[in-house]
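# Residue-level structural notes
The primary structure of each chain is shown beneath.
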Amino acid sequence: LIDLFVFNVKQNTIRQISNDLYDETYPVFLKGSNAFVFSSNRNVDTLFAPQVTLSSLKDNTNLFVYNPTISTTKVKQLTNTQYHESNPVSISATEIAYTQNETGVYNLMSLNISTGETKLLTNYQQDILQFDISYNKNFSFTMINKCREKLFINHTINFDTDIAKPNFTPRKEAHNFIDNIFNST
């Protein structure tokens, strides 16, 4: 049970934003805004959902935006996939980058919040574990390389180009195979 809180340093106050069985992780404020994006396994757009049961929780995570100037109880779902989408980073007030594991490997995606347009930005064979994007859109990240976590600094990413989606990795193919076995009975 991971809930959202806002800490106001200037006023020395804490305000709870969510209080339910859903997990909300990786909150990040959008640049120049009071709104923030977070990753969650929720399937409702209400922040306080008391009728949730453990069996109704999803195994995937999607991205949501919360803007307290629009509503204090509602969120807007930004993505709706069966994959894990997490680690959002604000590029601007209307664009974020995040990781998604559609192929079985966490790669970098971008999302235009205004249009809903998503783009695949990387096609690595190893998971991006953590990442950040600088003010001039240079991309730094960590991933496992030769059995060690390594830091890669200042890679240039073209945010205007959607690269071709790769085939599933062996890890994803094995996962799909196992899912098919259990779902066919």
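See the structure above.
Keep in mind that this is a model prediction, so the values were computed, not measured.

## Structural notes on the overall build of the chain
- Summing up its helical and strand segments, the chain has 1 helix and 13 strands in all.
- When the helices and strands of the chain are placed in sequence order, the string is β-β-β-β-β-β-β-β-β-β-β-β-β-α.
- Taken across its 185 residues, the chain has 39% of its residues classed as buried.
- A sequence separation of at least 24 residues applies to 38% of the contacts in the chain between residues at least 6 apart.
- When the accessible surface of the chain is summed, it comes to about 11,000 Å², and 52% of that surface belongs to carbon and sulfur atoms.

## Quick word on the sheet that holds strand β9 (residues 107-112)
- Pairing within the open sheet is antiparallel, and its 4 strands lie in the order β7-β8-β9-β10. Edge positions in the sheet fall to β7 (85-90) and β10 (118-120), since each has one partner strand and no second. Taken over all neighbouring pairs, the strand axes of this sheet differ in orientation by 25 degrees on average, direction set aside.
- In this structure, strand β8 (residues 95-100) lies alongside β9, joined through 6 bridges in antiparallel fashion. Bridge pairing in β9 places Q100 opposite N107.

## Considerations on the sheet that holds strand β13 (residues 148-156)
- Across the sheet, 3 strands lie side by side as β11-β12-β13; this open sheet has antiparallel pairing. Each of the sheet's edge strands pairs with one partner strand only, and the pair in question is β11 (130-133) and β13. In this sheet, neighbouring strand axes are inclined to one another by 15 degrees on average, regardless of whether the strands run parallel or antiparallel.
- The pairing of strand β12 (residues 138-145) with β13 spans 7 bridges and is antiparallel. Note that in β13 the partner of F139 across the bridge is H155.

## A short note on the environment of Y26
- Note on placement: Y26 falls in strand β3 (residues 24-29).
- On the basis of relative accessibility, which here comes to 41%, the residue Y26 falls in the partly exposed class.
- Along the primary structure Y26 and L4 are separated by 22 residues, whereas in three dimensions their C-alpha atoms are 9.7 Å apart.
- Leaving out residues up to four positions away in the same chain, Y26 has contacts with V37, F38, S39, S86, N87 and P88.

## Describing the side chain of K119
- Take K119: it is sitting in strand β10.
- Buried charge without a salt bridge: K119, with E117 as the nearest opposite-charge side chain at an N-O distance of 4.2 Å.
- Engagement of the side chain of K119 in a polar contact is seen with the backbone oxygen of F159, the distance being 3.3 Å.
- Setting aside residues up to four positions removed in sequence, K119 forms contacts with L108, M109, S110, F159, D160, T161 and D162.

## Observations concerning the nonpolar core
- Of all hydrophobic cores here, the largest spans 13 residues; its most connected members are L108, I128, F131, I133 and F139.
- Among the secondary structure elements, those contributing two or more residues to this core are β11 and β12.
- With 3 residues, the single largest contributor to this core is β12.
- A35, V37, V65 and L78 belong to the second-largest nonpolar core, a separate cluster that totals 12 residues.

## Considerations on a nonpolar patch on the surface
- Taken together, the side chains of F5, F7 and I14 make up a nonpolar region of the molecular surface, amounting to roughly 350 Å² of accessible area.
- Within the element layout of this structure, I14 appears in strand β2 (residues 13-16).

## Regarding the packing of aromatic side chains
- Scanning all chains against the criterion turns up 8 aromatic pairs.
- Taken together, a centroid distance of 5.8 Å and an interplanar angle of 20 degrees make the contact between F38 and F64 stacked. A residue pair is termed long-range when its members are at least 10 positions apart, and F38 in strand β4 (residues 36-40) and F64 in strand β5 (residues 62-66) qualify at 26 residues. In terms of burial, F38 and F64 fall into one category: buried.
- Through a chain of ring-to-ring contacts, three or more aromatic side chains come together here, namely F29, F36, F38, F64 and Y66.
- Positioned above the aromatic ring of F159, the side-chain terminus of K137 is 5.0 Å from the ring centre.

Procedures and definitions
Residues numbered from 1 in each chain as written. Predicted model: local features only at pLDDT ≥ 70, side-chain atom pairs only at ≥ 80, totals over all residues. Heavy atoms only, no water. Helix = DSSP H or I, 4+ residues; strand = E, 2+ residues; numbered from the N terminus. Buried < 20%, exposed > 50% of the residue type's maximum accessible area, 1.4 Å probe, protein only. Contact = heavy atoms within 4.5 Å. Areas by Shrake-Rupley, 256 points an atom, 1.4 Å probe, with all protein chains shown as cover. Pairing = 2+ DSSP bridges. Axes fitted to C-alpha atoms, helices over the stretch in contact; angles between N-to-C directions. Lys, Arg positive; Asp, Glu negative; His and termini not counted. Salt bridge = Lys/Arg side-chain N within 4 Å of Asp/Glu carboxyl O. Polar contact = N/O pair within 3.5 Å; in protein donor to acceptor, adjacent residues only side chain to side chain. Core = buried A, V, L, I, M, F, W, Y, C linked by side-chain atoms within 4.5 Å. Patch = residues over 30% accessible without salt bridge, like charges linked within 9 Å, V, L, I, M, F, W, Y side chains within 5 Å. Phe/Tyr/Trp six-rings, centres within 6.5 Å; stacked < 30°, edge-to-face > 60°. Lys NZ or Arg CZ within 6 Å of the ring centre and 35° of its normal.

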